[in-house]
Each structure stands twice: as structure tokens, then as C-alpha cells.
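Remarks on the overall topology
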Amino acid sequence: MREIRSAEITEKVAKLAQEANFYLNDDLLNALDKAAEEEISEPGRYILEQIKENAQIAASENVPVCQDTGVAVVFIKIGNDVHLDGDLYEAIEAGIRKGYSEGYLRKSIVADPLSRQNTGDNTPAIIHTEIVPGDQLEIVIAPKGGGSENMSRITMLKPGDGKTGVKDFVIETIEKAGANACPPLVVGVGIGGNFEKSAYLAKKSLLRDLDDHHADPEIAKFEAELLEAINKTGIGPQGMGGRTTALAVKIEVFATHIAQLPVAVNLNCHAARHKKIII
Amino acid sequence: MHIKTPLAEKDLEKLKIGDRVLLSGTIYTARDAAHEKLVKLIEAGKDLPIPLSGQVIYYVGPAPAKPDKVIGSAGPTTSYRMDSFILPLLEKGLKGTIGKGPRSKIVREVMQNQQAVYFAAVGGAAALIARSIKKAEIVAYPELGPEAIRKLEVEEMPLIVVNDLAGNDLYQQGRTKYKID
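Only a predicted model underlies this, so the values are computations on that prediction, with no experimental measurement involved. (Residues numbered from 1 in each chain as written. Chains lettered and ligands numbered in written order. Predicted model: local features only at pLDDT ≥ 70, side-chain atom pairs only at ≥ 80, totals over all residues. Heavy atoms only, no water.)

Counting residues at the interface gives 42 residues for chain A, matched by 41 residues for chain B. Between chain A and chain B the total buried area reaches about 3,600 Å² when both faces are included, carbon and sulfur atoms providing 57% of it. Contact with chain B buries surface across chain A, with A:Gln67, A:Tyr104 and A:Met240 losing the most and accounting together for 20% of the total. At the surface where chain A touches chain B, the tally comes to four salt bridges. Here A:Glu42 and B:Arg20 are joined by a salt bridge, their closest N and O atoms 2.3 Å apart. Across the contact surface, chain A and chain B share 19 residue pairs in polar contact (both at pLDDT 80 or more). With 10 residues, the top contributor of residues to the side of chain A that touches chain B is helix α3 (residues 42-61) of chain A. (Contact = heavy atoms within 4.5 Å. Buried area = accessible area lost by both parts, 1.4 Å probe. Salt bridge = Lys/Arg side-chain N within 4 Å of Asp/Glu carboxyl O. Polar contact = N/O pair within 3.5 Å; in protein donor to acceptor, adjacent residues only side chain to side chain. Helix = DSSP H or I, 4+ residues; strand = E, 2+ residues; numbered from the N terminus.)

Printed below as a string of C-alpha cells:
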């Protein structure tokens, strides 16, 4: 049994929340470089250059890449040999509160979806926990903005709709989203499970490295096929026309019911932010 | 192309979709909650906290300013959410809006009738855009936090014309141009 102090979790979450908002990961920066080189649309290239310059400014000034510093989505993997001296959720919320306040990050959360009073500290976070073997605590923070989240969709297809049905739904989602989701996008697709599991898989797939390939070669092939189809829509950077509508497509799958084929498409804007630490 | 606020008719006439514009002068920020309040005031026949004639509204909820800065990161939010509020503002003489993403058909028609334009700023280029904001002051609804109405002084704010006076739409034309069947 390993002891981890809540105070340490709070400090690390606060720091991580800021880093996630200030510094884009290298895989994303490389993908943006490549897109700027390959984009054939002139407005598209101009926009990609602005996005790259913006990332440099944010990193050098320690300011958020995007003013929408999002809902703080937190993924936790906690080893079953870890003992905490306090409440894990409270420690995380305290870290989000501290990180968003001290980092001059925008507070974008309203306490009630209908009466809509801002909580003033960007809590509550959305926290997903997984219990795993071992004595470590892994924390991933993925701030998620409203623009691309609003354009995300979920559907319950018929099993007979198959891959074609999934592809059509993904493309339709991208076309409906257009400029609103802030392309170039990172597209997370969850297939299978049930209603909420597919949405969780779609969100989780956004944490993968942009350069990686799915372990299942068939799924990896489907990711490539979807990316190609998405980039034929013509939507382009910021929806102003071009061939870079998405930088990557990530798919996660799970067993499902004989009657079901759930599909969730979680869109991420080009500011696909996430940072991880292991305690 | 450099243009200044308040927007003059001769400047508006020159703008064509896809034009890159560097905007300077005073602009006002407002998003969902502030729009709701403005429209209620107009419906009640009351005075507004900001002028609209010839003015430009930027759809933004900025991040808080660090102590050494006038404003935090300040990129555009998605404009369609303001479509249900914009018509009375256009009737009051609003000449330009800045956001991201397409406007509804009715908003495009009314913008054209009222001779107003719609600009996009690059969504997510929020730290870069903040550099063009030289002054920021809350002028209404401070209780709304990031959604308060701010008066901004901007210098060479980088924008792209999306809807011009001729009724063209950059999003539609851009997508058609690069689509592969």
C-alpha cells in the first residue's frame, strides 16, 4: 500500500490545468506544421499560420491558447494499492479551483444548466475514474471548449447499418459542424458499448497521440478511411474552404448488445489540449 | 486592408468575402447572456448601455487579464447562438459583427438589407488576437463575468470578411470550391 497525500494531488492538478491550457503537445504542433505545408487553400494556409503563431505566443507568455479554457475533464487511473489521506474528488476540485484562478483561466461553468449562475471557479470538473492494478495515480487533464463540444453527436444505429452507417454518421456530423467546431479538428469516435459508453469512448479516444495507430489493423484502416473522407468535404481550416478539415480520427470500440450499434462522435477543435502526470 | 470603426458606408462597400481586414478603433463585446439583456431593453423601449449605430460587436468571453496585460486570451465564440438576438440590434444600426461560424439564412438576409457585414476572427487564435486589443473596460453587466459587455480599443485586429454587402458567404463558397466528390 502506497500513501499519496491529497495536498500533492491538488498542487499537481493546479499546475497541470495551467500547462494543458498554455502549451500544446508536440504531436499536435507537428500535425499543424504538416497541415500548413500541405494545405492548398490560400485562406486555409493563412489560418493555419495564425494558429501556429498563436500557439507560440501562448507558450511564451504563459497564457491560454484559447480563451475558452473549457470544462476541466479529468481522467484518473488509480492503482488499487494506493491509499489516499483524503477525498480524491475534493483534492481534484481544489486543484482545478486553484489552477484556474492562479492561471488567469476563464471560468466557464454554470452551476445549474437552466438557471445558469457561474460558479466562479470553473468547478465542478468532469471526473472519470478507473481502478487499475499497481500503486500509482495517473491524472490526465483535458480542457474541452464549448464550440466543438456543442457540435458533437451520438446515435443508436441498427446493427445492419454497419461500417457504412458509421461512416455516414461521422461525415454528417462533420458537415453539420462546419466552421462552428473550429476546424482543423481532431475527431474522436466511440463505437459500441451502450449509450453512455460510446460517448465515453469517443471522449477518451481524443487523448491518444495523434501519430499513433489503433492496435487493431482493421480499426486503424477505418480511422484512415474516415480521415480521408472528412478531408474531402472541402470545409477546411475554420470552415473557409480547404483540404485540412481534420488532423486525425481516433476510434475506440467496445462489445455491444445484439440489437445495438451505438456511435458517438466527439469533435475537438484544433486546440486539442491534454496533459498527463503520474504520481 | 485597414478599416476603422465606426464603420463608414464607403468602407463597407469595398469589403468582399475572403478579404483580410485589419480593424482599428472601438468595438464592444457581447455574447449570449448580454444579448438577451440588450434585446429585453430594446423590447421595453429603454436606453442601451452601448451605442449601436455604425458599431461592431465582437462575440467573445475573454480570459481574465494577467496583472501586466489589458486582457486575457480573447478569440471569437460561435456566432449562431447570437442569431436569435441580432435582428433588433441590426435595426438599431449595428454594422458589423465578429465571431466564428455561419449565420442563419434570415440573419444573412437582414444583414444585407441593413447593409451590415460579418467578420470571422480565427477561432482559437486567442492569444494572438489579444495582442491587438490595447484597452478593455467593462461597461455593462459586470455580474456576468466573462460575459460582461466590454468596450475594447483594438489596433489592426486580424479579421476575414465572411458575409459582404452583396450577400455572399465565404463558408458556402469555400466549401464548394474545395469539396471532392
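As a further point, take the domain arrangement of chain A. Residues and elements named next belong to chain A. Per the domain assignment, the segments making up chain A are domain 1 (2-20 + 65-144) and domain 2 (147-273). Opposite the 13 residues of domain 1 that make contact, domain 2 presents 13 residues. Here domain 1 and domain 2 share an interface that buries about 1,100 Å² over both sides, 59% of which is from carbon and sulfur atoms. Broken down residue by residue, the surface that domain 1 buries against domain 2 is led by Phe 75, Pro 143 and Lys 144, which jointly contribute 51%. Put simply, domain 1 and domain 2 have two salt bridges between them. With a shortest N-O distance of 3.2 Å, Glu 130 and Lys 204 are connected by a salt bridge. Viewed at the interface, domain 2 and domain 1 are joined by five residue pairs in polar contact (both at pLDDT 80 or more). Elements supplying a minimum of two residues to the side of domain 1 that touches domain 2: β4 (126-132) and β5 (137-144). For the side of domain 1 that touches domain 2, the element with the highest residue contribution is β5, accounting for five residues. (Domains from an automatic or database assignment.)

All right, on to the side chain of A:His270 then. Take A:His270: it is sitting in the loop between β9 (261-268) and β10 (275-278). Residue class for A:His270 comes out buried when judged on its relative accessible area of 3%. A distance of 2.7 Å separates a polar side-chain atom of A:His270 from the backbone oxygen of B:Gly123. If near-sequence neighbours (up to four positions away) are discounted, A:His270 is found in contact with A:Leu28, A:Ile51, A:Cys182, A:Pro183, A:Pro184, A:Gln238, B:Gly123 and B:Gly124. (Buried < 20%, exposed > 50% of the residue type's maximum accessible area, 1.4 Å probe, protein only.)

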